[in-house]
Amino acid sequence: ENLAEGFFDNSQAMVAWMNSPTHRDNILRADFTEVGFGIVQGDFQNIPNNIIIVVHFGTPQPAFQQAQISGSNDQVLEAPEILYPLPGSVVSSADFDVSGLAPNASLVNLYDHGGLLGSAAVDEGIFTYRANNFVDGEHSLHAVSEIGTWESGPSAPVGFMVDTQADPITADQILVISNDNGNLIIQINAPSLQEVTIMLNGHQYKFAAITSNIWQAEIPLIELQATAKFFISNLDKGDHEWNGELSTSSLLEQAEFVPSFAPGLRGVSGGWDFNVSRAGVNAAFLIILCVLFGLDFTILSKTGLTSHNRSRTHLHFAALVIILLVTMGTSLAGNIGPSGLTSF
């Protein structure tokens, strides 16, 4: 703002401003793009017909922009942008700063899963909100700016995970899926990890991620049989390390129920492989029985036996098939338990 009073000539007022460092800076400041003048004449400070000149320099705030609607003079408030946390990131602390960009002079309201977290003022186009006591798990943030009665649309949502503590591995998460050539194929169901390692008798076995949740390694059976406990460690996505000790007995018990020969048929249940070789054997037995029945029917036809005898033979065969199907169904249901293992 530049003020002038008592000047009756425009050039004199301009010379006075240019000779004043602060007034000169206002006039020459490059980031000012607009100017407004106010001039009034009247009795002031005992000077009749005194003239007062007021000049305001400025730049429109970026908070508002003309709506892209033909013939509309409505003003639209720009939506904020969340810069931290990053989408898909893992935050290892329950207390952290949510920051981003927003229109100057606006107030930013932050929401997590649609619930209001709090508000933050904007300083030079940047807002920072201190988030406290975030619980571990998935979160989704969005922000809305407001100035007076104007409110922006929501920002782009930011999904991220809070992980503040190490994730232990329990025996329930470990499964032996096969026992081939004396090596156990072991899987661990553990999401949110980036590394899993087992130590056995001084030997280290690293697990490889085969899905986002499943880790797998091949360990010699003799290694497990030689020790009562094994050490396991993991590093989760929040960079928290966990170390634990588990008994080998649970793995050895599982290994007893997994065939040591190459499995015949494999399926998938809940992400775990299971062996259904017995069901395959039963199915093969049924096929053989059907072939034998076909031969029996051919022989009966060629020997000229009565249709009564053939019908009775058919009834015998039907009874055998029903018994076999019931036996096979019971066997399959009884041998594929909740763990997904067949009890051979």
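As annotated in an unreviewed UniProt entry, the protein chain carries the name SCP domain-containing protein and is attributed to Candidatus Dojkabacteria bacterium.

Asks: Run through the packing of aromatic side chains, naming residues and quoting values.
Replies: A complete count under the given rule lists four aromatic pairs for this structure. When the ring of F96 is compared with that of F160, the centres are 5.9 Å apart and the planes differ by 85 degrees; the resulting orientation is edge-to-face. Remark: F160 occurs in strand β14 (residues 158-162) and F96 occurs in strand β8 (residues 96-101); sequence separation between them is 64 residues. The pair F96 / F160 is uniform in exposure class, with both members buried. Members of the aromatic cluster, each reached through a chain of ring pairs, are F96, F134 and F160.

Asks: Describe the environment of L246, and please don't skip the residues or the numbers.
Replies: Structurally, the position occupied by L246 is in strand β22 (residues 241-247). For L246, a relative accessible area of 16% corresponds to the buried category. It is 6.4 Å that separates the C-alpha atoms of L246 and F231, two residues lying 15 residues apart in sequence. Those residues in contact with L246 that lie beyond four places of it in its chain are I169, T170, A171, I174, A228, K229, F230 and I232.

Asks: Residue-level account of the pairing of β22, with values.
Replies: Across a regular strand the side chains alternate sides, sitting on one face of the sheet and then on the other. The alternating pattern of β22 places W242, G244 and L246 on a buried face, while none of E241, N243, E245 and S247, on the opposite face, is buried. Both strand β21 (residues 229-236) and β22 contribute to a ladder of seven bridges, which runs antiparallel. Note that in β22 the partner of L235 across the bridge is E241. Connecting β21 to the antiparallel partner β22 that follows it, the hairpin turn spans four residues, and D239 within it adopts a positive phi of roughly 65 degrees.

Asks: Would you mind going over the pattern of salt bridges in detail, with residue names and values included?
Replies: Under the criterion given, the structure shown has three salt bridges. E245 is paired through a salt bridge with K229; the nearest N and O atoms lie 3.1 Å apart. Residue E245 is found in strand β22, and its partner K229 is found in strand β21; the two are separated by 16 residues along the sequence. Of the residues examined, K229 reaches a relative accessible area of 47% and is grouped as partly exposed.

Asks: Would you mind going over a nonpolar patch on the surface in detail, with residue names and values included?
Replies: On the surface, a nonpolar cluster with roughly 440 Å² of combined accessible area is contributed by L83, Y84, L86, L101 and I126. Summarising the element assignment, L101 is placed in strand β8. Judged by its relative accessible area of 37%, L101 is partly exposed.

Asks: Lay out the nonpolar core in plain terms, naming residues and giving numbers.
Replies: Burial of nonpolar side chains together is a common tendency in soluble globular proteins. Core analysis: the largest hydrophobic core is formed by 24 residues, its most contacted members being I174, I186, I188, F230 and I232. A total of four residues in this core trace back to one element, the largest contributor, which is strand β17 (residues 193-200). Contacts of I232, omitting those with residues within four sequence positions, involve I169, I174, I188, V196, T197, I198, W242, N243, G244 and L246. Listed in part, the 18 residues of the second largest apolar core include I82, V91, Y129 and F160.

Asks: Break down the environment of A166 for me, citing the residues and quoting the values.
Replies: Considering the arrangement of structural elements, one finds A166 in the loop between β14 and β15 (174-180). Under the relative-accessibility criterion, A166 is labelled partly exposed at 24%. A166 sits 77 residues away from N243 along the chain, and the two C-alpha atoms are 9.2 Å apart. Discounting residues that sit within four places of it in the chain, A166 has contacts with D236, H240, E241 and W242.

Reading the values: the criteria
- Residues numbered from 1 in each chain as written.
- Predicted model: local features only at pLDDT ≥ 70, side-chain atom pairs only at ≥ 80, totals over all residues.
- Heavy atoms only, no water.
- Phe/Tyr/Trp six-rings, centres within 6.5 Å; stacked < 30°, edge-to-face > 60°.
- Helix = DSSP H or I, 4+ residues; strand = E, 2+ residues; numbered from the N terminus.
- Buried < 20%, exposed > 50% of the residue type's maximum accessible area, 1.4 Å probe, protein only.
- Contact = heavy atoms within 4.5 Å.
- Pairing = 2+ DSSP bridges.
- Salt bridge = Lys/Arg side-chain N within 4 Å of Asp/Glu carboxyl O.
- Patch = residues over 30% accessible without salt bridge, like charges linked within 9 Å, V, L, I, M, F, W, Y side chains within 5 Å.
- Areas by Shrake-Rupley, 256 points an atom, 1.4 Å probe, with all protein chains shown as cover.
- Core = buried A, V, L, I, M, F, W, Y, C linked by side-chain atoms within 4.5 Å.

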